[in-house]
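Reading the structure
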Amino acid sequence: MIFCAGRGTRMKALTEHQPKPMIKVAGRPLVDHALDQLEGIPHRVANLHYLPDMLRDHLTSAGLETVFEETLLETGGGLKNALPYFKSDAVFTMNTDAVWKGPRAADVLSAAWDADKMDALLLVVAKPRAHAHLGSGDFDLETDGRLRRGTSYIYTGAQILKTAPVSEIEETYFSLNRVWENLFKRGRIYGVEYSGHWCDVGHPEGIAIAEDMLEDQ
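Residues numbered from 1 in each chain as written. Predicted model: local features only at pLDDT ≥ 70, side-chain atom pairs only at ≥ 80, totals over all residues. Heavy atoms only, no water.

**Digging into unusual backbone geometry**
Generally, phi is negative for residues other than glycine and the peptide bonds are trans, each holding for most cases. Put simply, the test is: The helix and strand labels rest on DSSP assignments: H or I over at least four residues marks a helix, E over at least two residues marks a strand, and numbering proceeds from the N terminus.
One non-glycine residue, Ala26, lies in the positive phi region at around 55°. Checked against the element boundaries, Ala26 lands in the loop between β2 (24-25) and β3 (28-29). Located in the positive-phi region is Leu51, a residue other than glycine, with phi close to 45°. With respect to the element layout, Leu51 can be found in the loop between β4 (45-48) and α2 (52-61).

**A few points about helix α6 (residues 176-186)**
Filter applied, for reference: Partly exposed describes any residue whose relative accessible area lies between the buried limit of under 20% and the exposed limit of over 50%, with all areas from a 1.4 Å probe on protein chains only and scaled to the type maximum. Read the arc as the range of directions from the helix axis to the C-beta atoms. Whenever a nitrogen or oxygen atom comes within 3.5 Å of another N or O atom, the pair is scored as a polar contact, on the condition that within protein one atom can donate a hydrogen and the other can accept it, and that pairs from neighbouring residues in sequence are kept only if both atoms are in side chains.
For α6, every residue scored as buried is listed here: Leu176, Val179, Trp180, Asn182 and Leu183. Projection of α6 onto a plane perpendicular to its axis shows the buried side chains occupying an angular sector of 160°, all on one side. Taking the backbone nitrogen of Asn177 as reference, a side-chain oxygen 3.0 Å away marks Ser175 as the first, capping residue of α6. After α6 finishes, the residue Gly187 shows a positive phi value of roughly 65°.

**Let's talk about the sheet that holds strand β9 (residues 130-131)**
Stated precisely, the cut-off is as follows: The pairing criterion is simple: DSSP has to find at least two bridges between the two strands.
Spatial ordering of the open sheet is given by β7-β14-β9, a layout of three strands whose pairing is mixed. What marks the edges here is a single partner per strand, and that holds for β7 (98-101) and β9. Where β9 lies against strand β14 (residues 197-200), two bridges are found, and the strand directions are parallel. If you follow Ala130 over to β14, its bridge partner there is Trp198.

**Points about the pairing of strand β5 (residues 65-68)**
In this structure, β4 lies alongside β5, joined through four bridges in parallel fashion. Residue Val45 lies in a different strand from β5, and its bridge partner there is Glu65.

**Overview of the side chain of Asp140**
Test applied: Residues count as neighbours in contact if any of their non-hydrogen atoms are within 4.5 Å of one another.
By the element assignment, Asp140 lies in strand β10 (residues 139-141). Since its relative accessible area comes to 13%, Asp140 is described here as buried. Engagement of the side chain of Asp140 in a polar contact is seen with the side chain of Ser152, the distance being 2.7 Å. Discounting chain neighbours no more than four positions away, the residues touching Asp140 are Arg146, Leu147, Arg148, Arg149, Gly150, Thr151, Ser152 and Tyr153.

**Some details on the pattern of salt bridges**
Which entries qualify depends on this criterion: Just to be clear on terms, a salt bridge is a Lys or Arg side-chain nitrogen sitting within 4 Å of an Asp or Glu carboxyl oxygen.
Under the criterion given, the structure shown has 14 salt bridges. Between Lys20 and Asp97 there is a salt bridge, with its nearest N and O atoms 3.5 Å apart. One end of the pair, Lys20, is in the loop between β1 (2-3) and β2; the other, Asp97, is in the loop between β6 (90-94) and β7, with 77 residues separating them in the sequence. In this structure Lys20 comes out as buried when scored by relative accessible area, which is 15%. Each of the salt bridges in this network shares a partner with another, and the network as a whole consists of Glu39, Arg104 and Asp107.

**Notes on the packing of aromatic side chains**
Put simply, the rule reads: Pairs were defined over the aromatic rings of Phe, Tyr and Trp, the Trp ring being its six-membered one, requiring ring centres within 6.5 Å. Orientation was assigned from the angle between planes: stacked under 30 degrees, edge-to-face over 60, tilted for the rest.
For the coordinates displayed, the defined rule picks out four aromatic pairs. Aromatic pair Trp100 and Tyr194: ring centres 5.1 Å apart, planes at 90°, arrangement edge-to-face. Here Trp100, found in strand β7, pairs with Tyr194, found in the loop between β13 (189-193) and β14; they are 94 residues apart in sequence, far enough to count as distant. Per residue, the accessibility class of Trp100 equals that of Tyr194, and both read buried. On the numbers, 5.0 Å between centres and 85° between planes, the contact of Tyr155 with Trp180 is edge-to-face. Within this pair, whereas Tyr155 is found in strand β12 (residues 153-162), its partner Trp180 is found in helix α6, the two being separated by 25 residues in sequence. Overall, the relative accessible area of 13% leaves Tyr155 in the buried class.

**Structural notes on the nonpolar core**
Here is the rule: By convention a nonpolar core is built from buried Ala, Val, Leu, Ile, Met, Phe, Trp, Tyr and Cys residues, the set being connected through side-chain atoms within 4.5 Å.
Ile2, Cys4, Leu59, Met94, Trp100, Leu109 and Leu123 are the most contacted members of the largest nonpolar core, which totals 34 residues. The element contributing the most residues to this core is helix α4 (residues 105-112), with four residues. Filtering out sequence-adjacent residues up to four positions away, Met94 remains in contact with Met1, Ile2, Phe3, Ala34, Gln37, Leu38, Trp100, Ala105, Gly157 and Ala158. One finds Val67, Leu122, Leu147 and Tyr153 within the second-largest nonpolar core, a separate group that totals 26 residues.

Here it is in structure tokens:
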């Protein structure tokens, strides 16, 4: 599941005439950087809302299915709305406002995934390898790999998530944080550390920082 429905208001003038996932970083749309991280996954779906035609044409040509949201549903609601497009009981989800340098996110998540004990596995990055991020941090990692709220690691926007904890929420509009809070109570939410570098491109200043990160050897 590729999240492409947001309005991208933090990008200011850059999203007046294009959706945020189409903003170019190092000559390529942000959404293509995200798709690189899910290379090899055969079935990919993206949700659309703001200026959808440009994104629909781009993603369809890349072999993705798209689902249009007449009203924004937030991340959790957007995923719940798209669940009929998926057949498995767990999905990858990916935000489109970041650029990566290092191992493929899907590979890191797949190697650490254990469906017997996990309902969610979030890919997190330590602060020294996170660039242009304006927050103070999201999580800490326990010694057994479980996540707890904290500030040592930043959520990269990529995870594996079982669909049942999403479909059990009755509302149509909700954040994935709502799902995570339920999984914290059950002890079923885990994290795995990303060993590469990651850059937040949710604001205009992140573009140049991401390009410098990609060029840095």
